[in-house]
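Here are the chains, one letter per residue:
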Amino acid sequence: MKRKSLIYSLFMKGGVILILFLIQFILPTYHHSSFSKIMILASYAIAYNFLLGYTGLMSLGHAMFFASGMYTMGLSILYLGFTPLEGLIFGTILTLTISIVFGLFALRTSGVSFLIVTLMFGQTLYLAILYYNEFTFGQDGFSITTYLGTLVIFGKEHLYSNPTIRYNFALIMLAVYLIITTIIILSPIGRILIAIRENEARTQLLGYNVFSYKLFALTFSGTLAGISGAMHALLFSYIGTTFAEIHHSISPLLWTLLGGAGTVIGPLLGTGVMYYLIDFISGITSNYLLVVGIILVLTIIWFPLGIMGTLRQRWIKWLP
Amino acid sequence: MDTWIEETLPMVFLAVLDGTVTAFVLALIALGLSLVFGVMRIVNVSHGEFFMLGAVFSWFAYHWTADSVWGFVLALLIAPVIVGFIAVFSERFILRKVEYNPESTIVATIGILYIIQQLTLMGFGPEARPVEAPIYFRVSFPWFGYSGYKLLVAVMSGLCLCGIWLLLKRTKLGLYMRATQQDYEIATTFGVPTKKIYASVFALGGGLAALAGVLVVPIRQADHLMGLEPLLLSFIVVIIGGLGSIRGTIIAAFLIGISDGIISVFYEPTLAKMLATLFVVMILIIKPSGLFGENYQ
Amino acid sequence: MMSKKKDENVDQQSELNLTRRSVLGASAAIAGAGIIGSQLIDPVAKTAYAAGSDEPIRIGFQAHRTGIGALYGRWYERTTNAAAKYINSIGGIAGRPIEIITEDDGTDPKRGADVVEKLATKHNVDFVYGTLFSHVVMGSAPRAGELKIPYFVVSEGYHVASGALNRYVFQPCITDVRSQITAVSNWIFGNLGKNVALIYPDYAFGYDHRDYASAAAAKSGAKITAKIAIPPTASSFTRYFVKIPKNTDVIYHVMVGPGVLTFVREMGEHYGTRHPKLFGFIDSLEGVNINSPGLEFLDGSHFWEAMPRYADGYATSGSNFYRDKVGVDNTGASKSDSKDVSAYSHMFGCWETLFAIKEAVEQSGYKSKKDYKTLIETFEGFAGFNEGIAHPQGSKVFSGKTHQCYGQQFVSQVKNGKFNVVHRTSIADGMYEPETDYTKKSL
């Protein structure tokens with residue numbers, strides 16, 4: 001990547017984060033809270049995009065990672081009396097471990113087989129949560145609001161559900177995700193990952209250990225997704241199997257593809273557009289899924305690279 | 001020994017019987033997906049919805065004719081055709097536009113899935129509606145009874161599978177399909193109307209799913225969300241059998257149907273589903289291209 | 001106050017023609033406890049307030065329009081609209097008209113929390129109300145608590161009374177699963193048999209059945225022969241029946257979702273004519289015509305009902321009035337389409353809850369969101385609701401500690417293609433010791 005485009009790219013990300021920071025002071029209550037949620041979900045989509053967009057591996061089981069982080073956070077706070085920070089660290093370590101073990105198995109397959117294996121593993125975790133319901137509360141899930149305590153900032157106590165806390169935690173997380181992924185993608189590792197996406201066999205022939213790189217990408221993506229799940233549990237205090245279902249694995253795929261796979265801002269844009277689309281249409285008709293379906297089809301026909309991907313291809317070449 | 005004969009034997013017998021019936025149905029549903037994948041190299045996520053449409057049209061046929069036999073016959077004739085047309089329509093106006101790109105196709109067919117599901121919810125309603133079986137009798141075994149119609153479904157599925165086999169091996173269309181599957185470019189050069197073949201394969205895949213829906217609906221009910229489970233199961237079957245291998249699909253359907261039957265008789269149901277799922281994953285990990293897959297990953 | 005209730009247990013035959021007197025008896029039994037709501041019994045009576053004199057009371061309705069709960073959701077919506085229309089016709093709430101703002105939650109806890117948020121902050125409603133599926137309640141309730149908005153659910157889950165939620169959540173007009181089981185279990189073990197196999201869905205709703213039926217069995221000397229949890233994705237059940245031991249007298253079954261008819265038909269195929277007695281929960285057959293093909297096997301079996309689907313099962317003036325207003329005919333189907341069968345044992349909760357809200361607003365003098373504290377404390381002070389037009393299912397005892405109500409239950413037998421009420425429990429039959437005290441929690 002040319003230096004010029006690197007500067008543009010960082011400039012743009014900084015701009016997005018700055019705008020998101022400033023906009024919180026003028027957003028009406030409802031949109032303020034929607035933005036918090038979108039930023040958390042977008043971080044999940046960014047994690048997903050790292051695997052799909054930059055390594056070319058399409059997963060249908062990312063809810064497994066999201067749910068691992070989320071449940072580790074929730075259950076450790078509930079049963080072990082962990083603080084949120086301890087829960088987050090524990091959740092990160094556990095998701096990291098799960099990602100590596102899963103990757104060692106799943107990466108033996110590729111393409112559509114990989115897709116199905118991820119899907120099956122995701123289903124297995126979903127069923128396991130249901131099966132061990134006496135411990136996990138099964139489909140109903142549980143809330144950790146009363147166990148969280150308060151967060152002390154500058155000597156003042158705040159609840160985690162405080163809108164300002166929530167918004168800025170989500171924003172910090174989003175910013176960290178954007179920066180870390182950009183750094184990795186622009187590093188030599190990132191270029192090799194992109195090379196694998198473009199032509200795996202050639203990359204292998206060039207002497208790179210493709211498997212290790214793919215394992216790294218999967219572990220990184222899975223762990224980030226797990227952290228998103230843990231943060232979602234912390235900020236929205238509900239933990240349930242709805243976050244382990246296959247629909248929750250399809251969601252980041254749709255957000256990423258709609259926004260533009262392999263672009264840094266795409267997942268954020270895709271998540272936001274989709275969130276507001278459903279929110280807006282469901283106010284008009286209960287058949288919002290129909291409209292969502294139509295929009296998906298039309299987008300994929302007219303903007304096959306997603307919103308950002310199409311922009312990059314047609315007009316703004318320097319977009320990261 | 002006596003308790004074994006009294007308690008375990010009936011369980012094993014039932015597991016195998018029920019598993020075999022499941023396997024036949026599964027093979028029929030998965031066959032369409034397998035054909036589409038084999039020839040067109042795309043994953044059709046809306047395949048389960050074609051199955052659901054078959055079941056729903058069957059209910060309408062039953063409802064209009066107010067007769068279980070005529071309704072069934074009518075549904076057998078029209079449901080696959082209507083669904084075939086829907087499939088051709090989506091192939092022509094959606095899949096062709098995205099040039100069968102694998103990832104775009106997945107997203108597009110997820111879109112089609114939502115559209116079909118919601119239209120069905122609007123036109124058919126949220127409830128599960130029963131359809132009476134055209135022929136109904138109970139087969140009595142020493143320990144328990146079993147649905148006679150279920151056995152018939154297995155037989156009819158078997159006949160359909162044979163029909164498809166003949167179609168592929170003995171007809172010009174089958175020849176064209178196999179040619180397109182082996183090499184699209186060369187087939188085109190040799191005058192195979194590959195575009196038409198794609199459309200017909202997609203229609204055939206949808207039609208088969210709808211046919212399975214018609215056959216299955218009397219032992220279940222029609223509802224707008226019924227497509228997801230068969231979709232997941234057929235995914236598994238197709239992948240385990242090996243992408244693009246019809247023989248593999250059928251063998252995998254039996255492997256999965258019967259093992260699922262046996263596991264779920266001896267373990268707690270949800271645990272059984274977990275074990276069955278992991279079992280499938282293990283097969284894939286040991287043999288990533290599936291049991292009979294060509295090695296194109 | 002519960003001591004007088006025993007004699008309400010009407011036996012099989014006299015139950016079929018309930019007299020006005022026995023119904024009045026039911027309300028009289030709890031009349032001593034400071035019951036409210038009696039002015040609502042007369043349908044034409046206007047409340048003392050002038051209609052439409054003020055801003056409307058905005059009630060956010062979290063509805064299952066899509067997803068697995070869509071069938072229930074449709075009837076919840078019809079009932080809600082009918083109740084709102086009627087309440088407006090008698091002068092609204094404290095003279096202010098009711099306005100219902102409906103949002104679909106897709107029967108999904110994720111979306112549920114978003115909907116509560118949207119109703120509270122965007123539509124600026126006074127209360128959120130109407131959720132059925134218990135996982136949606138679990139997902140949404142924390143949000144309602146954080147937003148500090150009263151949240152009235154019509155869910156029959158044990159989640160409210162268990163203490164798992166917060167002080168803003170109420171379930172004032174539909175009994176919870178634990179109470180239902182406690183109320184009918186003695187009848188099951190006494191009349192059908194003592195060796196019982198439980199078949200239930202493998203999630204929380206099913207576990208409540210598993211746990212409280214087992215507890216009730218232990219208490220009355222009955223034995224649970226098998227506990228069979230059916231995974232939510234199952235579409236064929238044959239393989240599970242073979243696990244039911246031979247010495248089973250009663251199959252206690254509760255299923256939810258589209259698999260019910262298959263479940264029943266396959267049970268029939270498995271057993272043929274010689275089979276254990278069956279006791280089911282009507283949740284399985286809500287929205288389903290009992291004369292559907294495949295259900296013949298249920299003939300002669302018994303079901304729990306919260307409110308009898310067939311009009312002759314509980315023909316009080318209040319329940320007849322309610323049936324007429326929500327547009328349901330004598331067989332429990334929509335008046336305009338006899339194939340469209342209602343969720344009759346659940347949807348009354350919507351009607352009654354709106355009247356309970358009306359009571360609470362009027363008694364607490366609620367004007368705006370500033371008055372939530374008074375409203376909640378007033379509500380917690382309620383001892384119950386009298387039977388009548390506002391509460392057609394029957395009188396309710398309300399516990400301020402658990403935020404949960406308790407009411408009568410029915411046992412019906414399937415015969416001649418309809419449900420026939422054979423037993424009605426007293427409210428006391430379904431009472432249990434409260435396990436929580438929300439009034440001690442912060443607001």
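Throughout, residues of each chain are indexed from 1 in the direction in which the sequence is written. Starting at A for chains and at 1 for ligands, labels are handed out in the order in which the entities are written. Confidence filtering applies because this is a predicted model: local features only for residues at pLDDT of at least 70, side-chain atom pairs given and counted only at 80 or more, and all residues used for totals across whole chains, interfaces and linings. Hydrogens and water molecules were not included; the side-chain quantities draw on all heavy atoms of the structure.

Draft legend 1. Local environment of the overall build of chain B. Labels follow the DSSP assignment, with helices taken as runs of H or I lasting at least four residues and strands as runs of E lasting at least two, numbered in each case from the N terminus. Helices and strands together make up the secondary structure of chain B, namely eleven helices and four strands. Dimensions of chain B, computed from the C-alpha atoms along their principal axes, are close to 70 × 50 × 35 Å. A 1.4 Å probe rolled over the protein chains alone gives each residue an accessible area, and that area as a share of the maximum for its type sets the label: buried under 20%, exposed over 50%, partly exposed in between. Counting every position in chain B, which comprises 297 residues, the buried fraction comes to 62%. By the convention used here, residues are in contact when the closest approach between their heavy atoms is within 4.5 Å. Contacts in chain B between residues at least 24 apart in sequence constitute 76% of all its contacts with a sequence separation of at least 6. To be clear on the numbers: accessible area is Shrake-Rupley with a 1.4 Å probe, and residue cover counts the displayed protein chains and nothing else. Here chain B displays about 11600 Å² of accessible surface, and carbon together with sulfur accounts for 69% of that area.

Draft legend 2. Layout of the environment of C:Y438. Residue and element names in this part refer to chain C. When you line up the elements, Y438 lands in the segment after β15 (418-424). A relative accessible area of 0% means that Y438 is categorised as buried. Once the C-alpha coordinates of Y438 and G349 are considered, the two residues, 89 residues apart in sequence, prove to be 21 Å apart. Discounting residues that sit within four places of it in the chain, Y438 has contacts with H159, V160, G163, A164, L165, N166, R167, E380, K401, T402 and H403.

Draft legend 3. Region of the structure containing the interface of chain A and chain B. Taken together, the contact between chain A and chain B spans 37 residues of the former and 39 residues of the latter. Note on terms: buried area is the combined drop in 1.4 Å-probe accessible area of two parts once they are placed together, counting the loss on both. Together, the buried faces of chain A and chain B total about 3600 Å²; carbon and sulfur atoms form 82% of this surface. When a carboxyl oxygen of Asp or Glu is within 4 Å of a side-chain nitrogen of Lys or Arg, the pair counts as a salt bridge. Remark: the boundary between chain A and chain B carries zero salt bridges. Under this definition, polar contacts are N or O atom pairs within 3.5 Å; protein pairs additionally need one hydrogen-donor-capable and one acceptor-capable atom, and for neighbouring residues in sequence, both atoms have to be side-chain atoms. Our count for the chain A to chain B interface comes out at zero residue pairs in polar contact (both at pLDDT 80 or more). For the side of chain A that touches chain B, the elements supplying multiple residues, two or more each, are α5 (111-131), α11 (246-259) and α13 (288-302) of chain A. Looking at the side of chain A that touches chain B, the element that brings in the most residues is α5(A), giving 14 residues. Classes in brief: Ala, Val, Leu, Ile, Met, Phe, Trp, Tyr, Cys and Pro nonpolar; Asp, Glu, Lys and Arg charged; the others, Gly included, polar. Of the residues belonging to the side of chain A that touches chain B, the class tally is 27 nonpolar, nine polar and one charged.

Draft legend 4. Geometry of the nonpolar core. Take the buried residues of types Ala, Val, Leu, Ile, Met, Phe, Trp, Tyr and Cys, join any two whose side-chain atoms come within 4.5 Å, and each joined set is a nonpolar core. Ranked by size, the top nonpolar core spans 337 residues in total, and within it C:F127, C:F279, C:L285 and C:W351 carry the most contacts. Residue assignment places this core across two domains, with domain 1 (3-174 + 315-407) and domain 2 (178-313) of chain C each supplying three or more. Excluding residues that lie within four positions of it along the chain, C:F279 makes contacts with C:V184, C:W187, C:I188, C:L192, C:V250, C:I251, C:Y252, C:H253, C:H302, C:F303, C:W304 and C:V411. One finds B:L14, B:A15, B:L17 and B:V21 within the second-largest nonpolar core, a separate group that totals ten residues. Start and end positions for the domains come from either an automated domain assignment or a database one.

Draft legend 5. Representation of the interface of chain A and chain C within the structure. With 28 residues of chain A in contact, the opposing surface of chain C contributes 28 residues. Contact with chain C buries surface across chain A, with A:Y30, A:Q139 and A:D140 losing the most and accounting together for 23% of the total. The salt bridge involving A:R166 is made with C:E146; its shortest N-O contact spans 2.8 Å. Applying the counting rule to chain A against chain C returns twelve residue pairs in polar contact (both at pLDDT 80 or more). Counting only elements with at least two residues in the side of chain A that touches chain C, the list comes to α2 (29-55), α5, α6 (133-136), β1 (142-143) and α12 (266-284) of chain A. With five residues, the single largest contributor to the side of chain A that touches chain C is α12(A).

Draft legend 6. Focus on a nonpolar patch on the surface. Residue and element names in this part refer to chain A. On the surface, Y79, L80, F90, L94, Y132, F135 and F137 cluster together into a nonpolar patch covering about 660 Å² of accessible area. Relative to the helices and strands, F137 is located in the loop between α6 and β1. Exposure remark for F137: the relative accessible area of 34% places this residue in the partly exposed category. Patch membership requires over 30% relative accessible area and the absence of a salt bridge. Like charges are linked within 9 Å, and nonpolar side chains (Val, Leu, Ile, Met, Phe, Trp, Tyr) within 5 Å.

Draft legend 7. How the structure looks around helix α2 (residues 70-89) of chain C. Residues and elements named next belong to chain C. Here α2 contains 20 residues, and its C-alpha end-to-end distance of 28 Å stays within 8% of the 28 Å for a straight helix at 1.5 Å per residue. The buried fraction of α2 is high, at 14 of 20 residues. Positive phi appears at G91, one or two residues downstream of α2, with a value of about 105 degrees. To estimate how far a helix should extend, the number of its residues minus one is multiplied by 1.5 Å.

Draft legend 8. Layout of a negative patch on the surface. A contiguous patch of negative charge, built from B:D67, B:E132, C:E296 and C:D299, is present on the exposed surface. Secondary-structure assignment places C:E296 in the loop between β9 (277-281) and β10 (302-305). Using a relative accessible area of 58% as the deciding quantity, one classes C:E296 as exposed. His is not counted here, nor are the chain ends, while Lys and Arg score as positive and Asp and Glu score as negative. Throughout, a charge is located at the NZ atom of Lys, the CZ atom of Arg, the CG atom of Asp or the CD atom of Glu.

Draft legend 9. How the structure looks around the packing of helix α9 (residues 228-241) of chain B against helix α10 (residues 246-266) of chain B. Residues and elements named next belong to chain B. An axis is simply a line fitted to the C-alpha atoms; with a helix, the fit covers only the stretch in contact. Between two such axes, the angle follows the N-to-C directions and lies from 0 to 180 degrees. In contact at an axis separation of 7 Å, α9 and α10 are set at 120 degrees when each is read in the N-to-C sense. On the basis of their axis angle, the class for α9 and α10 is oblique. Crossing geometry of α9 relative to α10 is assigned as right-handed. On α10, the residues that touch I236, V237, V238, I240 and G241 of α9 are G248, T249, A252, A253 and I256. Tallied by class, the residues present in the contact of α9 with α10 amount to seven nonpolar, three polar and no charged. These descriptions rest on fixed angle ranges, namely under 35 degrees for roughly parallel, over 145 for roughly antiparallel, 65 to 115 for roughly perpendicular, and the rest for oblique. A clockwise turn of the near helix away from the far one marks a right-handed crossing, whereas an anticlockwise turn of less than a right angle marks a left-handed crossing.

Draft legend 10. Up close: the sheet that holds strand β4 (residues 151-152) of chain C. All names here are of chain C. A sheet is described by the order of its strands in space; here five strands give the open sequence β2-β1-β3-β4-β5, paired in parallel fashion. The sheet terminates laterally at β2 (98-104) and β5 (169-170), the two strands that pair on one side only. Bridge count between β4 and β5: two bridges; the pairing is parallel. Considered in β5, the bridge of F152 is made with F170. By this definition, two strands are paired if DSSP reports at least two bridges between them.

Draft legend 11. Looking closely at the pattern of salt bridges. Throughout the structure, instances matching the rule amount to 32 salt bridges over all chains. Between C:K396 and C:E352 there is a salt bridge, with its nearest N and O atoms 2.8 Å apart. Of this pair, C:K396 sits in strand β12 (residues 396-399) while C:E352 sits in helix α10 (residues 344-364), placing them 44 residues apart in sequence. Overall, the relative accessible area of 0% leaves C:E352 in the buried class. A cluster of three or more residues bridged by salt bridges with shared partners is formed by B:D18, B:K150, B:D260, C:R239 and C:E266.

Draft legend 12. Representation of the pairing of β12(C) in the model. Residue and element names in this part refer to chain C. Burial along β12 is two-sided: K396 and F398 facing one way and V397 and S399 facing the other are all buried. Pairing between β12 and strand β13 (residues 404-407): four bridges, direction antiparallel. If you follow K396 over to β13, its bridge partner there is G407. The antiparallel pairing of β12 with β13 creates a hairpin that spans four residues between the two strands, and H403 there sits at a positive phi of about 60 degrees.

Draft legend 13. The packing of α2(A) against helix α10 (residues 210-236) of chain A, seen in detail. All names here are of chain A. Where α2 meets α10, the axes come as close as 9 Å, and the angle between the chain directions of the two elements is 170 degrees. Our classification of the angle between α2 and α10 gives roughly antiparallel. For the contact of α2 with α10, the class distribution of residues is 16 nonpolar, six polar and two charged.

Draft legend 14. View of the packing of aromatic side chains. Each Phe, Tyr or Trp ring, with Trp reduced to its six-membered ring, pairs with another whose centre is within 6.5 Å; inter-plane angles below 30 degrees give stacked pairs, above 60 give edge-to-face pairs, and intermediate values give tilted ones. Under the defined criterion, the tally for this structure stands at 67 aromatic pairs over all chains. When the centroid spacing of 4.5 Å and the interplanar angle of 45 degrees are considered together, the rings of A:Y44 and A:F66 count as tilted. A residue pair is termed long-range when its members are at least 10 positions apart, and A:Y44 in helix α2 and A:F66 in helix α3 (residues 62-79) qualify at 22 residues. A relative accessible area of 0% places A:F66 in the buried class. Grouped by ring-pair contacts, the aromatic residues C:F127, C:F152, C:F170, C:Y366, C:Y372, C:F379, C:F382, C:F385 and C:F398 constitute a single cluster. The ring of A:F236 is capped by A:K37, whose NZ or CZ atom sits 4.5 Å from the centre of that ring. Here the basic side chain of C:R178 rests over the ring of C:Y432, its NZ or CZ set 4.3 Å away from the ring centre. By definition, being over a ring means that NZ of Lys or CZ of Arg is both within 6 Å of the ring centre and within 35 degrees of the ring normal.

None of the figures reported here should be taken as evidence of function without further support.
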